Amino acid sequence: MKTVKVGLLGLGTVGTGVWKLLKMRADVMEQTAGAQIEVSRILVHNMAKKREGIDPALLTDDWHEIVDDDEIQIVIEVMGGIEPARTIIREALKAGKNVVSANKDLIAEDGGILLDDARKYGRDFLFEAAVAGGIPIIRPLKQCLAANDITAVLGIVNGTTNYILTKMTEDGMEFKDALKKAQELGYAEADPTADIEGLDAGRKVAIMASLAFHSRVVFSDVHIEGITQITSRDIAYAEEFDSVIKLLGVARHTKEGIMAGVYPMMIAKDHPLAPVRDSFNAVFLHGDAVDDAMFYGRGAGEMPTASAVVGDVIDVVRNLQYGCTGRISCTCYKEIPIRNFGDVRNKFFIRMQVANQSGVLAAIARVFGEHKVSIERVVQQHAVPERAELVIVTEKVKEYHMQDALDELRAMECVHEISSVIRVYMKD
Ligand SMILES: NC(=O)c1ccc[n+]([C@@H]2O[C@H](COP(=O)([O-])OP(=O)(O)OC[C@H]3O[C@@H](n4cnc5c(N)ncnc54)[C@H](OP(=O)(O)O)[C@@H]3O)[C@@H](O)[C@H]2O)c1
């Protein structure tokens with residue numbers, strides 16, 4: 001019976017899940033993958049840490065022991081971060097090893113370089129777990145949907161923010177209380193910045209857009225806004241408009257180029273993404289042949305992420321037996337320009353506090369009109385006698401026209417505060 005040896009880089013949340021899943025499936029691995037899979041070395045940072053069920057002889061804090069080991073054919077990178085992960089992956093590919101990674105930060109930045117290396121050395125570089133954890137989306141984009149011209153990818157790709165927004169919607173919590181609950185349950189890190197400011201979702205959008213449109217999109221191409229400004233009042237208005245607020249990753253291929261962004265959006269309740277609640281993730285896309293398709297499941301966590309990583313490992317083991325590693329590498333064969341975000345057209349919900357006196361609405365409408373912003377709907381509520389809350393929903397307008405109008409409104413004496421500016425999802 002053949003055994004394929006594997007080097008594991010990292011034994012944290014995902015690494016531990018990978019270790020457990022390989023053990024759980026060991027009895028059927030020969031039938032599933034065609035060979036046994038043996039983790040023969042594990043890289044960790046802290047050699048002194050107690051690790052239950054792990055033979056200490058497997059552990060090392062020197063990555064060369066894995067890259068220089070000729071018997072290791074697959075390296076699983078679940079250590080995270082840019083360096084030394086990038087160097088180790090490049091050296092592993094150069095040494096003729098296949099690599100499976102879950103590292104979205106690195107792939108959103110340098111995926112192109114790593115895939116070029118994999119092609120150069122004829123090896124697999126697979127990263128199903130890097131976007132939406134356990135949900136299969138990388139392989140569908142690269143393989144199952146390869147016959148399509150994909151024009152749009154929309155995703156709820158951060159479980160922490162989806163959990164927070166769900167709590168705000170269903171339990172009437174304010175943002176900070178929902179964040180605290182997410183932290184208590186382990187859904188949010190002690191430093192939640194990467195999640196709540198949209199950075200984590202932005203990395204996933206960069207990766208998905210690159211694969212969907214066959215053109216490299218990097219993290220810095222993605223326009224990013226988080227959910228920290230969303231209030232229970234906005235959530236209540238969304239309900240009134242038969243919508244919910246979600247942090248959406250949006251990537252579109254238009255005739256002017258690719259637009260990629262992450263921001264909170266009001267989305268109608270009848271859209272398939274609207275009922276995706278709690279810490280679940282989903283990716284919705286449109287292809288010219290497949291029409292609409294949606295992928296749903298667990299976007300993070302020990303075992304869901306291990307599911308994607310071990311699936312990739314099994315794929316590599318199968319390829320090794322047929323001598324066909326490196327069969328599908330980089331699929332970015334186009335160079336499509338990235339659209340200037342200011343030129344992108346969106347529909348907006350604006351909530352503001354204004355002076356409760358005659359002529360104010362007309363003055364505000366005039367500012368919008370001067371900046372080519374057409375108004376679709378106005379709702380006015382009188383909170384206190386001298387101040388009114390005004391909600392305006394616009395037609396689709398260019399981002400820079402909207403920002404110019406908001407700048408002018410902020411300077412007006414009768415406008416006390418622009419409380420919220422939230423985009424409203426519309427099918428193109
Ligand atoms: N957690 C998830 O649900 C999830 C989902 C999808 C993708 N990912 C991605 O998967 C990767 C791993 O995430 P994680 O949550 O498992 O991280 P984690 O719990 O922080 O584990 C990281 C592991 O890597 C080791 N490590 C880190 N830097 C090292 C270095 N310089 N040298 C040697 N060992 C080092 C750590 O060693 P010690 O144990 O000694 O500290 C630890 O075992 C990241 O790229 C992440 O973005 C995670």
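Residues numbered from 1 in each chain as written. Predicted model: local features only at pLDDT ≥ 70, side-chain atom pairs only at ≥ 80, totals over all residues. Heavy atoms only, no water.

Caption draft 1: Region of the structure containing the overall build of the chain. Looking only at helices and strands, one finds 14 helices and 16 strands in the chain. Compactness check: the chain gives a C-alpha radius of gyration of 24 Å against a globular reference of 22 Å for 428 residues, within 12% of the reference. Its C-alpha atoms give the chain principal-axis dimensions of about 85 × 45 × 35 Å. Here the chain holds 428 residues, and the buried ones make up 55% of them. Within the chain, contacts between residues separated by at least 24 positions form 73% of all contacts whose residues are at least 6 apart in sequence. (Helix = DSSP H or I, 4+ residues; strand = E, 2+ residues; numbered from the N terminus. Rg over C-alpha atoms; globule rule 2.2 N^0.38 Å. Buried < 20%, exposed > 50% of the residue type's maximum accessible area, 1.4 Å probe, protein only. Contact = heavy atoms within 4.5 Å.)

Caption draft 2: Main features of the site of the ligand. The full set close to the ligand counts 22 residues, and Leu-11, Val-14, Asn-46, Arg-51 and Gly-301 are the nearest of them. One of the backbone N or O atoms of Leu-11 is found 2.8 Å from an oxygen atom in the ligand. Here Lys-104 contributes a side-chain N or O atom positioned 3.2 Å from an oxygen atom of the ligand. Burial of the ligand by the protein amounts to 75% of the accessible area it has alone, namely 900 Å². One can see that the ligand is located within the largest pocket. The residue makeup of the shell around the ligand, split by class, is 10 nonpolar, 9 polar and 3 charged. (Near = heavy atom within 4 Å. Polar contact = N/O pair within 3.5 Å; in protein donor to acceptor, adjacent residues only side chain to side chain. Areas by Shrake-Rupley, 256 points an atom, 1.4 Å probe, with all protein chains shown as cover. 1 Å grid on protein atoms, 1.4 Å probe; cavity = no way out; pocket = protein on both sides within 12 Å on 5 of 7 lines; lining within 4 Å. Sits in = over half its atoms within 2 Å of the grid points. Nonpolar A, V, L, I, M, F, W, Y, C, P; charged D, E, K, R; others polar.)

Caption draft 3: How the structure looks around the nonpolar core. Counting residues in hydrophobic clusters, the biggest one holds 80 residues, and the most contacted among them are Phe-125, Phe-127, Ile-137, Ile-164, Ile-207, Phe-213 and Phe-349. In terms of residue count, the dominant contributor to this core is helix α10 (residues 199-213) (9 residues). Once you skip the residues sitting within four places of it in the chain, Ile-137 turns out to touch Glu-128, Val-131, Met-208, Val-283, Leu-285 and Phe-295. (Core = buried A, V, L, I, M, F, W, Y, C linked by side-chain atoms within 4.5 Å.)

Caption draft 4: Quick look at the layout of surface pockets. Empty space within the largest pocket amounts to approximately 1,100 Å³. A class-by-class count of the residues in the lining of the largest pocket yields 13 nonpolar, 16 polar and 9 charged. Shared between two domains, the lining of the largest pocket takes at least three residues from each, and those domains are domain 1 (3-133 + 302-321) and domain 2 (140-297). (Points joined across faces, edges and corners; volume = space filled by probe spheres on them. Domains from an automatic or database assignment.)

Caption draft 5: Main features of the domain arrangement of the chain. For the chain, the assigned domains are domain 1 (3-133 + 302-321), domain 2 (140-297) and domain 3 (345-424). Taking only C-alpha atoms, the centre of domain 1 and the centre of domain 2 are 28 Å apart. Contact residues are listed per partner, giving 13 residues for domain 1 and 14 residues for domain 2. Together domain 1 and domain 2 conceal approximately 1,100 Å² of surface at their shared face, both sides included; 67% is due to carbon and sulfur atoms. (Buried area = accessible area lost by both parts, 1.4 Å probe.)

Caption draft 6: Summary view of the packing of aromatic side chains. Scanning the model with the defined rule gives 7 aromatic pairs in all. For the pair Tyr-263 and Phe-341, a centre-to-centre distance of 5.9 Å together with 55° between the ring planes defines the contact as tilted. Here Phe-341 lies in the loop between α12 (302-322) and β13 (345-355) and Tyr-263 lies in strand β10 (residues 257-268), a separation of 78 residues in the sequence. Ring plane angle 5° and centroid distance 5.0 Å describe the contact between Phe-280 and Tyr-296, whose orientation is recorded as stacked. Highlighted residues: Phe-280 in strand β11 (residues 280-287) and Tyr-296 in strand β12 (residues 291-298), separated in sequence by 16 residues. A relative accessible area of 21% means that Phe-280 is categorised as partly exposed. (Phe/Tyr/Trp six-rings, centres within 6.5 Å; stacked < 30°, edge-to-face > 60°.)

Caption draft 7: How the structure looks around the side chain of Ser-419. Relative to the assigned elements, Ser-419 resides in strand β16 (residues 415-424). Among the polar contacts made by the side chain of Ser-419, one reaches the side chain of Glu-417 at a distance of 2.6 Å. Each residue touching Ser-419, except ones within four places of it in the same chain, is listed here: Arg-351, Met-352 and Gln-353.

Caption draft 8: Looking closely at unusual backbone geometry. Following Glu-83, the chain continues into Pro-84 via a peptide bond in cis, with omega recorded as 10°. Relative to the elements of secondary structure, Pro-84 occurs in the loop between β4 (72-77) and α4 (85-94). One non-glycine residue, His-214, adopts positive backbone phi at about 60°. The residue His-214 is located in the loop between α10 and β8 (223-224) in this model.

Caption draft 9: Up close: empty space enclosed by the protein. Summed over all chains, the structure comprises 1 cavity of 30 Å³ or more. Considered as a void within the structure, the largest cavity measures approximately 100 Å³ in volume. The wall of the largest cavity is formed by 20 residues, among which Ile-107, Leu-115, Ile-207, Ser-210 and Arg-216 lie closest to the centre. Secondary structure elements with two or more residues in the lining of the largest cavity: α5 (104-121) and α10. If you count residues domain by domain, the lining of the largest cavity takes at least three from each of domain 1 (3-133 + 302-321) and domain 2 (140-297).

Caption draft 10: Here's a closer look at α10. If you check α10, its first and last C-alpha atoms are 21 Å apart, about what 15 residues at 1.5 Å a residue would give, namely 21 Å. Phi turns positive one or two residues past the end of α10, at His-214, with a value near 60°. (Expected span 1.5 Å × (residues − 1).)

Caption draft 11: Local environment of the packing of α5 against α10. The N-to-C vectors of α5 and α10 enclose an angle of 45°; their axes lie 9 Å apart at closest approach. Considering their axes alone, α5 and α10 lie oblique with respect to each other. Taken as a pair, α5 and α10 cross one another with a handedness that is left-handed. Of α10, the residues touching α5 (which contributes Lys-104, Asp-105, Ile-107 and Ala-108) are Asp-200, Arg-203, Lys-204, Ala-206 and Ile-207. A per-class count over the contact of α5 with α10 returns 4 nonpolar, no polar and 5 charged. (Axes fitted to C-alpha atoms, helices over the stretch in contact; angles between N-to-C directions. Parallel < 35°, antiparallel > 145°, perpendicular 65-115°, else oblique. Left-handed = near helix turned anticlockwise from the far one by under 90°.)

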